[in-house]
Amino acid sequence: MSFIKVTPEYRPQIALIELNRPKELNALNLELMGQLRDALQELDKNDTIRVIILTGNEKAFAAGADIKQMAGKSAIDMLNIDQFSTWDQIRKTRKPLIAAVSGFALGGGCELAMTCDMIVASETAKFGQPEIKIGVMPGAGGTQRLTRAIGKARAMEMVLTGEFISAYEAKAYGLVNKVVPVEVYLEEAVRLAQKIAAMSPIAARLAKEAVNRAFETHLDEGLHFERKNFYLTFASEDQKEGMQAFIEKRQPKYKGK
Ligand code: DAK
């Protein structure tokens with residue numbers, strides 16, 4: 001049974017993955033997460049794809065990990081299932097990944113959106129880490145990514161009270177890139193994806209790696225990493241094409257080489 005819908009050529013060079021468990025508000029069961037990991041790995045290898053959009057439906061991006069599937073598990077069951085390796089593989093997607101979020105993005109759903117590189121939200125989006133209300137706490141990066149994105153005081157309030165924030169609050173706090181009416185949130189994500197897809201995919205990949213490195217290291221090492229990736233862009237045909245196109249006052253045609 002498939003819990004996601006994958007459209008590799010949703011638009012030229014842009015793939016769309018839709019979470020598809022609408023009755024359960026896209027609760028992230030183990031099967032769905034495995035399918036999502038497999039789809040992302042496949043799309044990451046597909047040279048015709050430059051950007052991936054991950055979305056849910058208007059009511060829910062995802063209302064969290066599947067509580068019904070988790071409820072009876074012991075700590076050792078959780079350890080043996082090793083869901084973290086699935087999440088880690090998703091995090092390692094090399095192509096730019098945009099979350100298009102409408103409705104609930106809660107718990108693991110909020111964490112999944114934050115695992116993406118950018119978030120486009122509909123006005124109806126609600127973000128939250130309500131795990132505390134069911135006697136646990138965020139387990140897929142919520143305490144870390146949320147805190148880095150919106151700061152300690154706000155993250156602490158969300159994680160300790162379980163209260164949701166609106167799309168506009170999320171935008172004001174720096175968690176999301178754009179907030180648009182619900183009718184157009186997917187199109188807005190596509191517009192953003194198209195801008196990125198027009199760039200050199202090599203430069204985009206190296207730049208994504210370097211920005212992500214900022215979360216994992218101190219400034220000196222981060223700058224060193226950035227420098228190496230910067231040099232590497234000069235090994236690409238795309239660098240020659242980009243600079244030549246600028247000089248010739250024309251649009252560049254990037255090949256990803
Ligand atoms: N899990 C399972 N089913 C869910 C669900 C969830 N997270 N969220 C909603 N559903 C189901 C409901 O049970 C209901 O099913 P039926 O009763 O119809 O069979 C259906 O979806 C519709 O939900 P509601 O009737 O509740 O709809 P409402 O509009 O009234 O309320 C709501 C919407 C989103 C406010 C409410 O459903 C809700 O509070 N949902 C739970 C939100 C939540 O607590 N989320 C955090 C879950 S804990 C890990 C990685 C990640 C995680 C853990 C470990 N590792 C890597 C190890 C993450 C943990 C979590 O996310």
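Look above for the structure.
This section reports on the structure supplied with the text.

Thresholds, definitions, all that
Residue positions are counted from 1 within each chain, in the order its sequence is given. Only residues with pLDDT of at least 70 are given local features in this predicted model, and only at 80 or more are side-chain atom pairs given and counted; all residues enter the totals for whole chains, interfaces and linings. Note that the side-chain values use all heavy atoms of the structure and ignore hydrogens as well as water. By the convention used here, strands pair only if DSSP detects at least 2 bridges between them. Counting from the N terminus, the helices are DSSP H or I runs at least four residues long and the strands are E runs at least two residues long. Comment: axis = line fitted to C-alpha atoms, over the contacting stretch for helices; angle = value between 0 and 180 degrees taken between N-to-C directions. Two residues qualify as a contact provided that any one of their heavy atoms is within 4.5 Å of a heavy atom in the partner residue. For every residue, the accessible area obtained with a 1.4 Å probe (protein chains only) is divided by the maximum for its type, and the residue is called buried under 20%, exposed over 50%, and partly exposed between those limits. Throughout, the arc means the angular range of directions from the helix axis out to the C-beta atoms. An angle below 35 degrees is read as roughly parallel, one above 145 as roughly antiparallel, one from 65 to 115 as roughly perpendicular, and any other as oblique. Handedness of a helix crossing follows the sense of rotation of the near helix relative to the far helix, less than a right angle counterclockwise being left-handed and clockwise being right-handed. Gly falls in the polar group here, along with every residue not listed as nonpolar (Ala, Val, Leu, Ile, Met, Phe, Trp, Tyr, Cys, Pro) or charged (Asp, Glu, Lys, Arg). For the purposes of this section, nonpolar cores are sets of buried Ala, Val, Leu, Ile, Met, Phe, Trp, Tyr and Cys residues that join through side-chain atoms within 4.5 Å. By the criterion applied in these results, polar contacts are pairs of N or O atoms within 3.5 Å in which, for protein atoms, one can donate a hydrogen and the other can accept it, and in which residues neighboring in sequence qualify only through two side-chain atoms.

### Some points on the sheet that holds strand β2 (residues 14-19)
Piece 1. One open sheet holds the six strands; their spatial order is β1-β2-β3-β5-β7-β10, and the pairing between them is mixed. This sheet does not close on itself; its edge strands, each paired only once, are β1 (4-11) and β10 (178-180). Neighbour-to-neighbour, the strand axes of this sheet turn through a mean angle of 20°, independent of strand direction.
Piece 2. Set on the sheet, helix α9 (residues 185-197) makes contact with β1, β2, β3 (51-55), β5 (97-101), β7 (118-122) and β10; between it and β3 the angle comes to about 165°.

### Some thoughts on helix α12 (residues 237-247)
Piece 1. Among the residues of α12, D238, Q239, E241, G242 and A245 are the ones counted as buried. Take α12 and look down its axis: the buried residues cluster within an arc of 165°, on one side only.
Piece 2. Against the buried residues of α12 lie α10 (201-213) and α11 (219-233).
Piece 3. Downstream of α12 by a residue or two, K249 has a phi angle that is positive, lying close to 55°.

### Looking at the packing of helix α4 (residues 83-91) against helix α5 (residues 108-115)
In helix packing, the relevant descriptors are the interaxial angle and the interaxial distance, both defined with respect to the helix axes.
Piece 1. Following both chains from N to C, one finds α4 and α5 inclined at 30°, their axes separated by 10 Å at the closest point. By the angle between their directions, the pair α4 and α5 is classed as roughly parallel. Handedness of the crossing formed by α4 with α5: right-handed. Contact with α4, carried on its side by W87, I90 and R91, involves G108, E111, L112 and T115 of α5 and no other residues of that element.
Piece 2. The residue inventory of the contact of α4 with α5, partitioned by class, reads three nonpolar, two polar and two charged.

### Re helix α6 (residues 142-150)
Piece 1. Those residues of α6 that fall on the buried side of the exposure criterion are G142, L146 and I150. All buried residues of α6 lie within an arc of 15° about the axis, which places them on one face of the element.
Piece 2. On its buried side, α6 packs onto α5, α7 (152-161) and α8 (167-173).
Piece 3. Count one or two residues on from α6 and you reach G151, which has phi positive near 95°.

### Points about the nonpolar core
Piece 1. With 44 residues, the main nonpolar core has L112 and F127 as its most contacted residues.
Piece 2. For this core, the element with the most residues is helix α1 (residues 30-45), which contributes six residues.
Piece 3. Judged by nonpolar contacts, the second largest core, of 18 residues, contains V120, V182, L192 and I196.

### Comments concerning the side chain of S236
Piece 1. By the element assignment, S236 lies in the loop between α11 and α12.
Piece 2. Looking at S236, its side chain comes within polar contact range of the main-chain oxygen of T233, at 2.7 Å.

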